[in-house]
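Residue-level structural notes
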Amino acid sequence: MTFRPSAPHTQELSPYMYRMWYTVSVGKKPKSSRGVGTPPEPLERQGKRVPAIFYCTEAGGEPVREWLRGLSPEDRKRIGEDVKTVEFGWPIGMPVCRPLGDGIYEVRTTLAQNRIARMLFYIDKQGRMVLLHGFIKKTQKTPDEDLNLARRNKNKHQRGLQ
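If you're wondering where the values come from, they're calculated on a predicted model, not measured in any experiment.

Some details on the confidence of the model for the chain
Of all residues in the chain, 70% have pLDDT values of 70 or greater, and the mean over the chain is 79. Taken element by element, the predicted model of the chain shows its lowest mean pLDDT in helix H1 (residues 15-26) (46) and its highest in strand E5 (residues 129-137) (95).

Here it is, written out as structure tokens:
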């Protein structure tokens, strides 16, 4: 008896299939290469190259988390998958992530109904992905007001770390 691959193995994988595979496999606990008797990694870093945190205002608010809560569950899931891709795959480039200058990057997410979401972030001195600002894009170019808000939030966050 000979083995013949079925037709689906010869077809290209769609981006959706990649996203589905990636989220299922990335969520599994990685095997430790650190050896016996070594302390485990901190919980927020397990397998992640850059763990994501929300920018926190002086009043204790988290504008990005609040923005995400206002979106539909499907939109939150898609954005979360792309943020997770950056967390585990950093440094990563297009089509998921793009530098905007001044150390600020954007996570690029395509949503249902031809909408596009952007999550602006920077990598702090502690190697964390600080989510500064999120918005639904309405124009081709990233609006200056959104970029300036992310810059201000970055500067505030940096001052708070010193």
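Some remarks on the packing of aromatic side chains
Throughout the structure, instances matching the rule amount to 3 aromatic pairs. Between the aromatic rings of Trp90 and Phe121, the centroid separation amounts to 5.8 Å while the plane-to-plane angle is 75°, which identifies the pairing as edge-to-face. Here Phe121 lies in strand E4 (residues 115-123) and Trp90 lies in the loop between helix H3 (73-89) and strand E2 (97-101), a separation of 31 residues in the sequence. Trp90 gets classed as buried once you look at its relative accessible area, which sits at 16%. Ring geometry for Tyr105 and Phe121: centres 5.6 Å apart, planes at 25°, overall stacked. In this pair, Tyr105 is assigned in strand E3 (residues 104-111) and Phe121 in strand E4, connecting sequence segments 16 residues apart. Here a set of aromatic residues connected by ring pairs shows up, and it is made of Trp90, Tyr105 and Phe121.

Thresholds applied
- Residues numbered from 1 in each chain as written.
- Predicted model: local features only at pLDDT ≥ 70, side-chain atom pairs only at ≥ 80, totals over all residues.
- Heavy atoms only, no water.
- pLDDT = per-residue confidence, 0-100.
- Helix = DSSP H or I, 4+ residues; strand = E, 2+ residues; numbered from the N terminus.
- Phe/Tyr/Trp six-rings, centres within 6.5 Å; stacked < 30°, edge-to-face > 60°.
- Buried < 20%, exposed > 50% of the residue type's maximum accessible area, 1.4 Å probe, protein only.

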